[in-house]
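The lines below spell out each chain.
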Amino acid sequence: MSKRNPNILKIFLYMLLLNSLFLIIYFVFHSSSSSSSSADQPNPQFPLVRFHVSVSNQSAIQKPWPILPSYLPWTPPQRNLPTRSCEGYFGNGFTKRVDFLKPRIGGGGAGEGSWFRCFYSETLRSSICEGRNLRMVPDRIVMSRGGEKLEEVMGRREDAELPEFREGAFEVAEEVSSRLGFKRHRRIGEGGGGDVISRRLVNDELLNEYVQEGGIGRHTMRGLVASIRAVDTKDFVCEEWVEEPTLLVTRFEYANLFHTVTDWYSAYVSSRVTGLPNRPHVVFVDGHCTTQLEETWTALFSGIRYAKNFTKPVCFRHAILSPLGYETPLFKGLNGEIDCKGESAHNLWQNPDDKRTARISEFGEMIRAAFGFPVNRHRSLERPTSSSSSSVHNVLFVRREDYLAHPRHGGKVQSRLTNEEEVFDSLHHWVTSGSTGLTKCGINLVNGLFAHMSMKDQVKAIQDASVIIGAHGAGLTHIVSATPNTTIFEIISVEFQRPHFELIAKWKGLEYHAMHLANSRADPTAVIEKLKEIMKSLGC
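Residues numbered from 1 in each chain as written. Predicted model: local features only at pLDDT ≥ 70, side-chain atom pairs only at ≥ 80, totals over all residues. Heavy atoms only, no water.

- As recorded in an unreviewed UniProt entry, the protein goes by the name Glycosyltransferase 61 catalytic domain-containing protein, listed as coming from Capsella rubella.
- The Subcellular location (unreviewed entry) field of the UniProt record for the protein holds the comment "Golgi apparatus membrane". (UniProt positions renumbered as here; feature names shortened; annotations may be inferred.)

## Topic: the overall build of the protein
Thought 1: For the protein, the helix and strand inventory stands at 13 helices and 22 strands.
Thought 2: Within the protein, the fraction of its 540 residues that count as buried is 54%.
Thought 3: At a minimum sequence separation of 6, the contacts of the protein that also span at least 24 residues come to 74%.
Thought 4: Only carbon and sulfur atoms are counted for the fraction: they give 52% of the accessible area of the protein, which is about 25000 Å². (Helix = DSSP H or I, 4+ residues; strand = E, 2+ residues; numbered from the N terminus. Buried < 20%, exposed > 50% of the residue type's maximum accessible area, 1.4 Å probe, protein only. Contact = heavy atoms within 4.5 Å. Areas by Shrake-Rupley, 256 points an atom, 1.4 Å probe, with all protein chains shown as cover.)

## Examining the state of the cysteines
Thought 1: The final tally for this structure, using the stated rule, is four disulfides.
Thought 2: Disulfide pairing is shown between cysteine 441 and cysteine 540; the S-S distance is 1.6 Å. Around the S-S axis, the bridge from cysteine 441 to cysteine 540 shows a dihedral of about 110° and counts as right-handed. With cysteine 441 in the loop between helix H10 (420-432) and strand S19 (442-448) and cysteine 540 in the segment after helix H13 (524-537), this pair connects stretches of sequence that are 99 residues apart. (Disulfide = S-S within 2.5 Å.)

## Structural notes on the pairing of strand S22 (residues 511-516)
The side chains of a regular strand alternate between the sheet's two faces.
Thought 1: Here strand S21 (residues 487-492) runs beside S22; their pairing, made up of six bridges, is parallel. When the bridges of S22 are listed, isoleucine 488 appears paired with tyrosine 512.
Thought 2: With helix H12 (residues 500-508) bridging S21 and the parallel S22, this β-α-β connection has right-handed handedness. (Pairing = 2+ DSSP bridges. Right-handed = clockwise from strand over helix to strand, strands pointing away.)

## Digging into the nonpolar core
Thought 1: By size, the foremost hydrophobic cluster in this structure holds 67 residues, and its most contacted members are Trp264, Trp297 and Ile468.
Thought 2: Mapped onto the domain boundaries, this core takes at least three residues apiece from domain 1 (96-105 + 112-180 + 194-333) and domain 2 (391-538).
Thought 3: Residues Cys129, Leu201, Tyr210 and Leu224 belong to the second largest nonpolar core, which totals 35 residues. (Core = buried A, V, L, I, M, F, W, Y, C linked by side-chain atoms within 4.5 Å. Domains from an automatic or database assignment.)

## A look at the packing of aromatic side chains
Thought 1: According to the stated counting rule, one finds 18 aromatic pairs in the structure shown.
Thought 2: Look at tyrosine 268 and phenylalanine 363: their rings are 6.0 Å apart centre to centre, the planes differ by 45°, and that puts the pair in the tilted class. One end of the pair, tyrosine 268, is in helix H5 (residues 257-273); the other, phenylalanine 363, is in helix H9 (residues 359-370), and 95 residues separate them in sequence. You'll find tyrosine 268 and phenylalanine 363 in the same group, each marked buried.
Thought 3: A centroid spacing of 6.5 Å and a plane angle of 40° characterise the contact between phenylalanine 371 and phenylalanine 373, whose relative ring orientation is tilted. Of the two residues examined, phenylalanine 371 and phenylalanine 373, each falls in the buried class.
Thought 4: Aromatic rings pair up to connect Trp65, Trp74, Tyr265, Tyr268 and Phe363 into one cluster.
Thought 5: In this structure, arginine 399 is placed above the aromatic ring of phenylalanine 424, and the distance from its NZ or CZ to the ring centre is 4.9 Å. (Phe/Tyr/Trp six-rings, centres within 6.5 Å; stacked < 30°, edge-to-face > 60°. Lys NZ or Arg CZ within 6 Å of the ring centre and 35° of its normal.)

Structural data, given as structure tokens:
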């Protein structure tokens, strides 16, 4: 037996060497064939030298999409969606495709592979647009630079931060087979002149049909699309390229959490509707200064940058134009016309229902996953130190605090509950005194001073809460990230009775309670009694 051991060892080593050789050959061949056959490889016939530019200061690597329990496919439905269905409002209702520039097949040149199209939603009356090989000329966008620290730009006017697009602010290459519709003009705004041949890509008639102004006084996405010129391939010159898919986003009320959530949702939907395999980069086409909310933008997407931070024209291999936050169901639904209820994705997958949606829950899970938090369906309750209770529930009181929000803000936040401190102190005393009267569970009252917390800590506080209490205010918009078994308790003064958070709770399928005040002052005892009632409904 001992004589056979050397032979066995030789055979083993030979087989190991042979297997390694096959693996090396496979990977070398696979790598070369993949790179040579990739559809997204730069066209060697594009004029001038191009080089990769990442929109992230840290890395050009794109973040993958996380696995979300409430995720449902975003592919366009096989059946025709009813115009006012829940999927039409919250999901992929962007089913009408309009090609403004179709890709040119064959012949080579800069125009080959360039295209621009929009997906129109009959329900929302807005479009998600995207283009390949889109050139942005920052000098033709009139606005402040953006990305400054707040204290550096105090007093700056809002209109200085919103973009005004000059003709040719964006360009796309087109092979000129005839001069019909094209005109010759002198290119300006790039430190030099020179005649170019171009045409307007989308005329006013098509803009009125697919990028409607609606009730928006300054529709910046419409202005962007209107500025796009199709230029002759010989005039389409790019020295800098962004290879990763990139969302172009214009924000309005960028320092307000509710309006920023509408921007996040629009960007998320745009990414899904256009079928991006990974999370895109974001370029802010506005001149706003930095805010705390950028922490979440950075967590959600692969990187952020401001348009005016590019020092010269830049070309995007794949650009997606995200609709304004005002065009999302989160904002449009405030008129009460969206009659949808939250439902689990599992139930909707088995039994589709045009009156129910899981999209807001999916989006909330996306925010939690972006910060690295678990997105499992059930919250784990803390074990109490007292033997009188079986579990401890976090009750989060979302507070309104004074803070400096934007260059035109004085640092004072309008009070929605004049005796908020008194109400919180009364709740704290009730919880800590041991006189809650709840025998089956305990309460951990969390003081939600969000203005002085990181966005990640805010989301964690929301995720960990069994009950969320607060006066009507933007901070309550965080309930989009609440877990399915969370209860919302909103205190509503007589001056602020808009349905923002009742609707979000409804669209997520959360239990919602409201206390309507005769003025702006709440009776602490009444608040305690209502919370006690809610806790008993949780089994306490």
